[in-house]
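# Analysis of the macromolecular model
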Amino acid sequence: MQHIKTSIQELSLLDDIFFSFSMDGEIACMQEIIRTLTEENLTVAKVSVQDSIASLKGKNVRLDALCETTAGDLINIEIQNIADEAPPRRARFYASMLDEKVSRRGVDYKDLPRTIVIFICKKDPFAQDCSKYVIERTFQHSRQKFGDGSTIIYINCEKEDNSPLGKLIHDLKSSDPEKMFSSTLANRVKFCKTDKKVVKQMSEIIDNLIAAESAKAFAEGEAVGEARGEARGETKGNTRTLTLVKILYDNKRFADIEKLINDKDADFQEQLKKEFNI
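Attention in this report is confined to the structure presented alongside it. (Residues numbered from 1 in each chain as written. Predicted model: local features only at pLDDT ≥ 70, side-chain atom pairs only at ≥ 80, totals over all residues. Heavy atoms only, no water.)

### Topic: the nonpolar core
Residues Phe19, Met30, Ile33, Ile77, Ile118, Ile120 and Ile155 are the most contacted members of the largest nonpolar core, which totals 41 residues. Ignoring any residue separated from it by four or fewer positions in sequence, one finds Phe19 in contact with Leu13, Met30, Ile33, Ala65, Ile77 and Ile79. Counting 18 residues, the second largest nonpolar core, distinct from the first, contains Ala91, Leu98, Val102 and Tyr133. (Core = buried A, V, L, I, M, F, W, Y, C linked by side-chain atoms within 4.5 Å. Buried < 20%, exposed > 50% of the residue type's maximum accessible area, 1.4 Å probe, protein only. Contact = heavy atoms within 4.5 Å.)

Here is the structure:
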């Protein structure tokens, strides 16, 4: 438990588990973040984290943070620590899921609210050396905006400067609230790292994630062993996956541990194993 508590002190808002945990219901914090990222004077009315949207015919999606403004706009913020986990088609999919969420309320397409999907990326997602990428549909012949109310934004956290966005990027990456520019964010981060009750809750969440992934690893190993009739295959599968979980934990890759638990994506698991040469 002490090791977990130490790890919590090393977390920043760029770790999506800590981001979701600390921003849950925090309207003032999220409003400051959103205003800086969008450069608009938006007023946040509601904040929910880890909100799951069930697709009627396909894959479900769980959002790191979903905010609703007083004007009814929907803003989804995703924390991305792996560069290739935020491809353009994923942004398109997330935007479509926001529309689906609204359509279930019986809203006519003419009254669809504005949607903004924001990916905050640890690395430059497009390798074009920009701190911010804004994507909106336009007419190709005139470059005028199409005006469908959909915006996608990518933030490159490799770029830090003295601009409001650069300072926010610094704060998102900082594990020490005393070194953050924003007093609003600093106070919240400090509270989450010093309040005994909150630290205990966070420790339990991380502990449960590790325990769940370990149980999953053994279950998958047993399934492999039964299918192949090879005890050796079972042991190998268990060992590799458990080793991966331990490495991810030691590297504070809690978001990846969570993804392993909730997404049955064999390709993603193999990608991580290849990354750490397991």
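### Thoughts on unusual backbone geometry
Of note, Asp129 is a non-glycine position whose phi angle comes to about 60°, a positive value. Note that Asp129 resides in the loop between strand E4 (115–121) and strand E5 (132–135). Not every positive phi belongs to a glycine, and Arg143 is a case in point at roughly 65°. Within the element layout of this structure, Arg143 appears in the loop between E5 and strand E6 (150–156). (Helix = DSSP H or I, 4+ residues; strand = E, 2+ residues; numbered from the N terminus.)

### Here's the deal with helix H10 (residues 266–275)
What H10 keeps buried is the set Phe268, Gln269, Leu272 and Lys273. Each buried residue of H10 sits inside an arc of 140° when the element is viewed along its axis, so together they form one side. Across H10 from its buried face, at more than 90 degrees, point the exposed residues Ala266, Asp267 and Lys274. Downstream of H10 by one or two residues, Asn277 has phi in the positive range, about 55°. (Arc of directions from axis to C-beta.)

### Quick word on the side chain of Ser48
Inspection of the secondary structure assignment puts Ser48 in strand E1 (residues 44–53). Apart from residues no more than four positions distant in its own chain, Ser48 is found in contact with Asp64, Ala65 and Leu66.

### Some remarks on the packing of aromatic side chains
A full pass over the atoms with the stated rule returns six aromatic pairs. Between Phe93 and Tyr94, the aromatic rings sit 6.1 Å apart at their centres with planes inclined by 70°, giving edge-to-face as the arrangement. Taking the relative accessible area as the measure of exposure, Phe93 reaches 27% and is therefore partly exposed. Between Phe119 and Tyr154 the ring centres are 5.2 Å apart and the planes differ by 20°, which places this aromatic pair in the stacked class. In this pair, Phe119 is assigned in strand E4 and Tyr154 in strand E6, connecting sequence segments 35 residues apart. You'll find Phe119 and Tyr154 in the same group, each marked buried. Chaining the aromatic ring pairs together yields one cluster made of Phe93, Tyr94, Phe119, Phe126, Tyr133 and Tyr154. Looking at Lys167, its charged tip hangs above the ring of Phe181, at a distance of 5.3 Å from the centre. The positively charged end of Lys193 is found above the aromatic ring belonging to Phe18, 5.4 Å away from the centroid. (Phe/Tyr/Trp six-rings, centres within 6.5 Å; stacked < 30°, edge-to-face > 60°. Lys NZ or Arg CZ within 6 Å of the ring centre and 35° of its normal.)

### Regarding the sheet that holds E1
One open sheet accounts for six strands, arranged E1-E2-E3-E4-E6-E5; its pairing is mixed. Each end of this open sheet is capped by a strand with a single partner; those strands are E1 and E5. Here the average twist between neighbouring strands, direction ignored, is 20°. In this sheet, E6 lies alongside E4 in parallel orientation, the contact comprising seven bridges. Within the sheet, the bridge partner assigned to Cys121 lies in E6 and is Asn156. Across the sheet, helix H3 (residues 27–38) is in contact with E1, strand E2 (61–69), strand E3 (74–80), E4, E5 and E6; its angle to E1 comes to roughly 90°. Of the strands in this sheet, E1, E2, E3, E4 and E6 are in contact with helix H4 (residues 88–103), which crosses E4 at around 140°. (Pairing = 2+ DSSP bridges. Axes fitted to C-alpha atoms, helices over the stretch in contact; angles between N-to-C directions.)

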